[in-house]
Amino acid sequence: MSRDLSGYIKISVLATPSKTPSASSPPLLCSFVMDIDEAETSAGEEGAPTVDRAVDPPPIRRLDEAVVNRIAAGEVIQRPASAVKELVENSLDAGSTSVSVVIKDGGLKLIQVSDNGHGIRFEDLPILCERHTTSKLSAYEDLQTIKSMGFRGEALASMTYVGHVTVTTITEGQLHGYRVSYRDGVMEHEAKPCAAVKGTQIMVENLFYNMVARRKTLQNSNDDYPKIVDLISRFAIHNIFVSFSCRKHGANRADVHTASTSSRLDAIRTVYGISVARDLMEITVSDDSPARSIFKMDGFISNSNYIAKKTTMILFINDRLVECTALKRAIEVVYAATLPKASKPFIYMSINLPSEHVDVNIHPTKREVSLLNQENLIDTIQNAIESKLMNSNTTRTFQTQAISCSVASQFSARKEAENNISTSGTKSQKVPVHKMVRTDSRDPFGRLHAYWQSEPNSQQEKKTDLASVRNAIRSRRNPKELADLSSIHELLSEIDCNSHSGLLDIVKDCTYIGLADEVFALLQHNTHLYLVNVVNISKELMYQQVIRRFAHFNAIQLSEPAPLQDLLMMALKEEDLESPTNENDDLKQKIAEVDWENEKECFETVSAVLGNFYAVHPPILPNPSGSGIQFYKKNMDKTTSVENVENRLANSDEVDVDHELLAEAETAWAQREWIIQHVLFPSMRLFLKPPKSMAQDGSFVQVASLEKLYKIFERC
Ligand code: ADP
Ligand code: MG
């Protein structure tokens, strides 16, 4: 159970060890978390145990009911946004079709929620705000099938222990309504008749008036209003038949305003804007195998055009707004791995399970729920999203390409045959265990994905489709006939003669594992593991491809001719910054120096420059996932004292990060990683002829071999 620590004080102290500290024994950094509520209630009570009396256990006393209630209330109503959530849920439970929220001072001064639901009976008003009074649950067993959002009868009571609550309500058929105020669970006076419109209005004023520390923390920290707007937005796009509004007290315009609609996408468009709704895809998944999981999910997920720095995940499980970190992570992983842009996704998801498969009672604010077969459910949803994204990518990129079905079916047939071999092969093992290779270099998706995949055949076929499309495009872009130039023929035969046969074997038949750092990637070839320098490899590959495609490049017609003279000048200046002043003469001289007569050398250097230009160099912005993150921290004073650094670490939220730059860097690095896996390595397998020099210059380094590892383990 994760608890919101907003109501706790966090203290960091430097505790000096009792021994004289030496240079090698730094002071210990300890951190304590203290509950404010407990601190408040025990302060002033006599007989706090002193060190001398520590041998006698302190006596156990029963807490006053008022104290118990206030402690409990502090857990249910952690902040203004949690009070709003409880009130809106009550309105929805009451069958309302219209809910409006008004907020003053981030909810500390006033929270007012009005609805047009069934109202509250006059005779129930005296016990309405007592703890554990509810109209929604009578026996414990009802919890298994409960459909309403509330069930504990705690929310209204809690609000009366930490704020002033006034209820105005009218039920069907009555001529007038009633208004009554509550404190500490009880009515302050008899309910007064008043004019009222259909439904209930609940006002909570002066929230946390009696919890000084919490009020201060909330006043100091950011206003809760944006959290409340976010909350109402989420309710609004799930409960599309209900109209919602949310505004600041005294404001003319509402910050969320929706009308009842039958289209979820319309609701999303109204709340989150056209630019979000435009880039969403509908998704539905269901599973009804009792052995795995039983559920139905429908939702909207962002496609590859959507760009955002933060994930928006709106999750309803059996119509309850909840959080599920494991599911969120699983989805983020799919997006990062599938889409080149590495944008964070927008997800709206509504999951329905048999109510006996959900435990709704595991969190004080019901923010989390626990699900039966959670891993299987996450797995199924993850696979569905992956295939949806792959499909959207395929249609986007290859809309006008004719897909060669024969290649696709050949590929899947081969894959199937291989699968059969490997399954039957487990029984009659001919290959010794220490030479057994379980990977397949033709798998276009690298190795890590393989460990997630247990998806149905149709998805496999889609992936092989994608591979065959890629192959078809590659062969079209790589013409069979070479340039009719003797120099190019010579350069090509040099590439062939100079190719290292051992490295060529590795390149042709290796499996990509992942990036080891900014420059090296890990490859597996048979029983060996290699580190390869992706910058060197991409440079060489691009050079060779330029030579092979020489004279077959697509011509790009510029609408205005490029200012060649200026460009040459810039290039030459860059090369030689201390050039003499007479630029024009100098330029002419330099151009004259180029050996235009020697065709081979000229083409070779042009190709090498192009190779270098297209190589996958690390991005200019430092990699934020390692120590490079320092670069994005603003105002990091280099001369900061140790205490300052420790304070910052204790309260890491305070470190000011340049989010825009950071997001740009994250995108650049994720894009590069994607390109390395999905573009560089597949084409390297097809086209690279590694020169002999690469065996010596550190471009390929063997880091492990299975046979040797077996020898080591045999000795253990
Ligand atoms: P719970 O929702 O867990 O039952 P609450 O303290 O939130 O507990 O509410 C107590 C009871 O008050 C509810 O069971 C419901 O009968 C009634 N109630 C609260 N808010 C409303 C509302 N807006 N409209 C109608 N009834 C309400
Ligand atoms: Mg409730």
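Above this note sits the structure.
In what follows, the accompanying structure is described. (Residues numbered from 1 in each chain as written. Chains lettered and ligands numbered in written order. Predicted model: local features only at pLDDT ≥ 70, side-chain atom pairs only at ≥ 80, totals over all residues. Heavy atoms only, no water.)

Near ligand 1, the surroundings consist of 19 residues, among which N90, T134, S135, K136 and G153 are the closest. For ligand 1, an oxygen atom lies 2.8 Å from a polar atom in the backbone of G153. Between A155 and ligand 1, the recorded distance is 3.3 Å, taken from a backbone N or O atom to an oxygen atom. Taken by itself ligand 1 offers 530 Å² of open surface, and the protein chains cover 93% of this. (Near = heavy atom within 4 Å. Polar contact = N/O pair within 3.5 Å; in protein donor to acceptor, adjacent residues only side chain to side chain. Areas by Shrake-Rupley, 256 points an atom, 1.4 Å probe, with all protein chains shown as cover.)

Turning next to the side chain of S538. Position of S538 among the secondary structure elements: in helix α15 (residues 534–548). Residue classification places S538 among the buried positions, given a relative accessible area of 0%. Polar side-chain contacts of S538 include one of 3.0 Å to the backbone oxygen of V535. Ignoring sequence-local partners within four residues, the contact set of S538 consists of A615, V616 and L680. (Helix = DSSP H or I, 4+ residues; strand = E, 2+ residues; numbered from the N terminus. Buried < 20%, exposed > 50% of the residue type's maximum accessible area, 1.4 Å probe, protein only. Contact = heavy atoms within 4.5 Å.)

Moving on to the sheet that holds strand β20 (residues 520–525). Spatial ordering of the open sheet is given by β19-β20-β21-β22, a layout of 4 strands whose pairing is antiparallel. With partners counted over all chains shown, the strands left at the sheet margins are β19 (511–515) and β22 (700–705), one partner each. Between one strand and the next, the sheet's axes are offset by a mean angle of 25 degrees, whatever the strand orientation. Bridge count between β19 and β20: 4 bridges; the pairing is antiparallel. From the neighbouring strand, Y512 faces β20, where its bridge partner is L523. Its contacts with the sheet place helix α14 (residues 501–508) against β20, β21 (528–533) and β22, and it is angled at close to 70 degrees to β22. This element, helix α20 (residues 659–687), spans β19, β20 and β21 of the sheet and lies at about 155 degrees to β19. (Pairing = 2+ DSSP bridges. Axes fitted to C-alpha atoms, helices over the stretch in contact; angles between N-to-C directions.)

So, about the sheet that holds strand β12 (residues 280–289). The strands making up a sheet associate through hydrogen bonds between their backbones, and the pairing can be parallel or antiparallel. Taken together, the 5 strands give an open sheet; going across it, the order is β12-β13-β16-β14-β15, and neighbouring strands pair in mixed fashion. Bordering the open sheet on either side are β12 and β15 (320–322), each of which pairs with just one other strand. Taking the axes of each pair of neighbouring strands and ignoring which way they run, one obtains an average angle of 20 degrees across the sheet. Pairing of strand β13 (residues 293–302) with strand β16 (residues 346–352) involves 6 bridges; the strand directions are antiparallel. Bridged to D298 within β16 is S350.

This part covers a nonpolar patch on the surface. A cluster of nonpolar side chains, contributed by L564, L567 and M570, occupies part of the molecular surface with about 320 Å² of accessible area. You can see M570 is positioned in helix α16 (residues 564–575). (Patch = residues over 30% accessible without salt bridge, like charges linked within 9 Å, V, L, I, M, F, W, Y side chains within 5 Å. Salt bridge = Lys/Arg side-chain N within 4 Å of Asp/Glu carboxyl O.)

All right, on to helix α4 (residues 155–162) then. Counting buried positions along α4 yields 8 of 8 residues, so the element is predominantly enclosed. Within α4, burial applies to A155, L156, A157, S158, M159, T160, Y161 and V162. The secondary structure elements touched by the buried residues of α4 are α2 (65–76), α3 (80–93), β5 (164–170), β6 (177–183) and β9 (199–205).

Between α2 and α4, whose axes approach to 8 Å, the crossing angle comes to 115 degrees. In terms of axis orientation, α2 runs roughly perpendicular to α4. The way α2 lies across α4 gives a crossing that is left-handed. Here α2 contributes N69, R70, A73 and V76 to the contact with α4, which in turn contributes A155, S158, Y161 and V162. Residues belonging to the contact of α2 with α4 are distributed by class as follows: 5 nonpolar, 2 polar and 1 charged. (Parallel < 35°, antiparallel > 145°, perpendicular 65-115°, else oblique. Left-handed = near helix turned anticlockwise from the far one by under 90°. Nonpolar A, V, L, I, M, F, W, Y, C, P; charged D, E, K, R; others polar.)

Once that is clear, we can look at the packing of aromatic side chains. Tallying each qualifying case throughout the model produces 8 aromatic pairs. Ring centres of Y512 and F681 lie 4.8 Å apart, and the angle between their planes is 40 degrees; this geometry places the pair in the tilted category. One end of the pair, Y512, is in strand β19; the other, F681, is in helix α20, with 169 residues separating them in the sequence. Using a relative accessible area of 3% as the deciding quantity, one classes Y512 as buried. A relative accessible area of 1% means that F681 is categorised as buried. A centroid spacing of 4.5 Å and a plane angle of 35 degrees characterise the contact between F550 and F603, whose relative ring orientation is tilted. You can see F550 sitting in the loop between α15 and α16 and its partner F603 sitting in helix α18 (residues 599–614), a full 53 residues away along the chain. F603 carries the same exposure label as F550, and that label is buried. Here a set of aromatic residues connected by ring pairs shows up, and it is made of Y272, Y306 and F346. (Phe/Tyr/Trp six-rings, centres within 6.5 Å; stacked < 30°, edge-to-face > 60°.)

Here we take up the nonpolar core. Nonpolar side chains tend toward joint burial in soluble globular proteins. Counting residues in hydrophobic clusters, the biggest one holds 62 residues, and the most contacted among them are V84, V88, I111, M159, I232 and F244. A total of 8 residues in this core trace back to one element, the largest contributor, which is helix α6 (residues 225–238). Apart from the residues lying within four places of it in its own chain, the contact partners of I232 are V84, V88, V101, F244, C246 and V256. Judged by nonpolar contacts, the second largest core, of 34 residues, contains F151, I317, Y335 and V358. (Core = buried A, V, L, I, M, F, W, Y, C linked by side-chain atoms within 4.5 Å.)

So, about helix α9 (residues 325–338). An ideal rise of 1.5 Å per residue puts 20 Å on 14 residues; α9 measures up with 20 Å between its terminal C-alpha atoms. Listed in full, the buried residues belonging to α9 are L327, A330, I331, V334, Y335 and T338. All buried residues of α9 fall inside an arc of 135 degrees around its axis, so they share one side. (Expected span 1.5 Å × (residues − 1). Arc of directions from axis to C-beta.)

Now for the pattern of salt bridges. Within the structure shown, the criterion is met by 17 salt bridges. Here K136 and D93 are joined by a salt bridge, their closest N and O atoms 2.9 Å apart. Within this pair, whereas K136 is found in the loop between β4 (110–115) and α4, its partner D93 is found in helix α3, the two being separated by 43 residues in sequence. Notably, a salt bridge pairs D266 with R269, separated by 2.7 Å at the nearest N-O pair. Highlighted residues: D266 and R269, both in helix α7 (residues 264–272), separated by 3 residues, approximately one helical turn. Given a relative accessible area of 34%, R269 falls into the partly exposed group.

We now examine unusual backbone geometry. Positive phi, normally seen in glycine, also occurs at H132, with a value near 60 degrees. In this fold, H132 is placed in the loop between β4 and α4. Residue H132 is classed as exposed on the basis of its relative accessible area of 54%. Of note, the phi angle at D319 is positive, near 70 degrees, even though the residue is not glycine.

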